[in-house]
Amino acid sequence: MTLVVEVQQAVDDVDLPPSDQVGDWARAAWRGPPEDAEVVVRITDEAESRRLNHRYRDRDRPTNVLSFPYEPLPELDLLHVGDLVICAPVVRREAVEQGKAVQAHWAHMVVHGMLHLQGYDHDTDDEAGAMEALETEILTRLGFPAPYDEQAS
């Protein structure tokens, strides 16, 4: 199984993780079928994040990660999982506010978004618990601290 990850950097930022690292994090969260699949991760600024969040989620503010799952037509052999849009300034700001390492928070946002693309959600306590447990398993396997620990850094 191969998950191809296309990283689009639509913002200049010295703190961005390298594209290959983003790809590694996305592949670590991939639970999909064994066929080849692809995902696009777009790293953007607050203005683009705000526009997309307002248009598709009816929230007029930038956000850390937006997930756009894709359902391909049955006659296509392509398995495009969907697109993630991650807002670099929001990720950096949240990491500082939460006392987390910026790279750890980046990894968390990629994993979190990938799980959303695969149907995981956190609308109920049970769903949130299951999703958080899976995020924690993936991130600790990658060498990061558990993302929901208050002492995470």
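Bear in mind that the values here come from a model prediction, so they are computed numbers and not experimental data.

Undergrad: Is there a simple way to explain the layout of surface pockets in this structure?
TA: In this approach a probe as big as a water molecule rolls over the atoms, and the regions it shows empty are the leftover space. Taken as a whole, the largest pocket spans an internal volume of roughly 590 Å³. Considering the residues around the largest pocket, the lining is formed by 27 residues, among which N64, V65, H112, H116 and H122 are closest to the centre. Sorting the residues of the lining of the largest pocket by element identifies helix 2 (46–57), strand 3 (65–69), helix 3 (88–98), helix 4 (102–117) and helix 5 (125–141) as the ones contributing at least two each. Per-element accounting of the lining of the largest pocket gives the leading share, five residues, to helix 4. Partitioning the lining of the largest pocket into residue classes produces eight nonpolar, ten polar and nine charged.

Undergrad: Help me understand the sheet that holds strand 1 (residues 3–9), please; the structure alone is not making it clear to me.
TA: The strands that make up a sheet are held in pairs by hydrogen bonds between backbone atoms, and each pair lies either parallel or antiparallel. Strand order in the open sheet formed by four strands is 1-2-4-3, with mixed pairing between adjacent strands. Edge positions in the sheet fall to strand 1 and strand 3, since each has one partner strand and no second. In this sheet, neighbouring strand axes are inclined to one another by 15° on average, regardless of whether the strands run parallel or antiparallel. Here seven bridges tie strand 1 to strand 2 (residues 37–44), and the two strands are oriented parallel to one another. The residue bridging E6 from the neighbouring strand is V40, located in strand 2. Set on the sheet, helix 1 (residues 19–29) makes contact with strand 1 and strand 2; between it and strand 1 the angle comes to about 135°.

Undergrad: What should I look at first to understand a negative patch on the surface in this one?
TA: Among the surface-exposed residues, D123, D125, D126 and E127 lie close enough to one another that they form a single negatively charged patch. Tracing the sequence through the fold places E127 in helix 5.

Undergrad: How should I be thinking about the nonpolar core in this particular structure?
TA: Within soluble globular proteins, side chains that are nonpolar tend to cluster in buried spots. Counting residues in each nonpolar core, the largest one holds 35 residues, and the members touching the most others are L3, W106 and M114. Mapped by element, the contributors of at least two residues to this core are strand 1, helix 1, strand 2, strand 4 (80–87), helix 3, helix 4 and helix 5. In terms of residue count, the dominant contributor to this core is helix 4 (nine residues).

Undergrad: Is there a simple way to explain the side chain of H116 in this structure?
TA: Topologically, H116 is positioned in helix 4. A relative accessible area of 19% means that H116 is categorised as buried. For H116, the contacting residues outside a window of four places in its chain are S67, P69, D121, H122 and M131.

Undergrad: Help me out: how do you make sense of the packing of helix 4 against helix 5 in this one?
TA: How two helices sit against one another is set out by the angle between their axes and by the gap between those axes. For the pair helix 4 and helix 5, the least separation of the axes is 10 Å and the interaxial angle reads 130°. Classified by the angle between their axes, helix 4 and helix 5 sit oblique to one another. Judged by the twist between their axes, the crossing of helix 4 over helix 5 is right-handed. Every residue of helix 5 that contacts helix 4 at A107, H108, V111, H112, L115 and H116 is listed here: M131, L134, E135, I138 and L139. By residue class, the composition of the contact of helix 4 with helix 5 is seven nonpolar, three polar and one charged.

Undergrad: What should I look at first to understand the pairing of strand 4 in this one?
TA: Successive residues of a regular strand alternate their side chains across the two faces of the sheet. Buried residues dominate strand 4, accounting for seven of its eight residues. Note: strand 3 against strand 4, five bridges, orientation antiparallel. Within strand 4, the position partnered with V65 by the bridge is I86.

Rules used throughout
Residues numbered from 1 in each chain as written. Predicted model: local features only at pLDDT ≥ 70, side-chain atom pairs only at ≥ 80, totals over all residues. Heavy atoms only, no water. 1 Å grid on protein atoms, 1.4 Å probe; cavity = no way out; pocket = protein on both sides within 12 Å on 5 of 7 lines; lining within 4 Å. Points joined across faces, edges and corners; volume = space filled by probe spheres on them. Helix = DSSP H or I, 4+ residues; strand = E, 2+ residues; numbered from the N terminus. Nonpolar A, V, L, I, M, F, W, Y, C, P; charged D, E, K, R; others polar. Pairing = 2+ DSSP bridges. Axes fitted to C-alpha atoms, helices over the stretch in contact; angles between N-to-C directions. Contact = heavy atoms within 4.5 Å. Patch = residues over 30% accessible without salt bridge, like charges linked within 9 Å, V, L, I, M, F, W, Y side chains within 5 Å. Areas by Shrake-Rupley, 256 points an atom, 1.4 Å probe, with all protein chains shown as cover. Salt bridge = Lys/Arg side-chain N within 4 Å of Asp/Glu carboxyl O. Lys, Arg positive; Asp, Glu negative; His and termini not counted. Charge placed at Lys NZ, Arg CZ, Asp CG, Glu CD. Core = buried A, V, L, I, M, F, W, Y, C linked by side-chain atoms within 4.5 Å. Buried < 20%, exposed > 50% of the residue type's maximum accessible area, 1.4 Å probe, protein only. Parallel < 35°, antiparallel > 145°, perpendicular 65-115°, else oblique. Left-handed = near helix turned anticlockwise from the far one by under 90°.

Keep in mind these values describe shape, not function.
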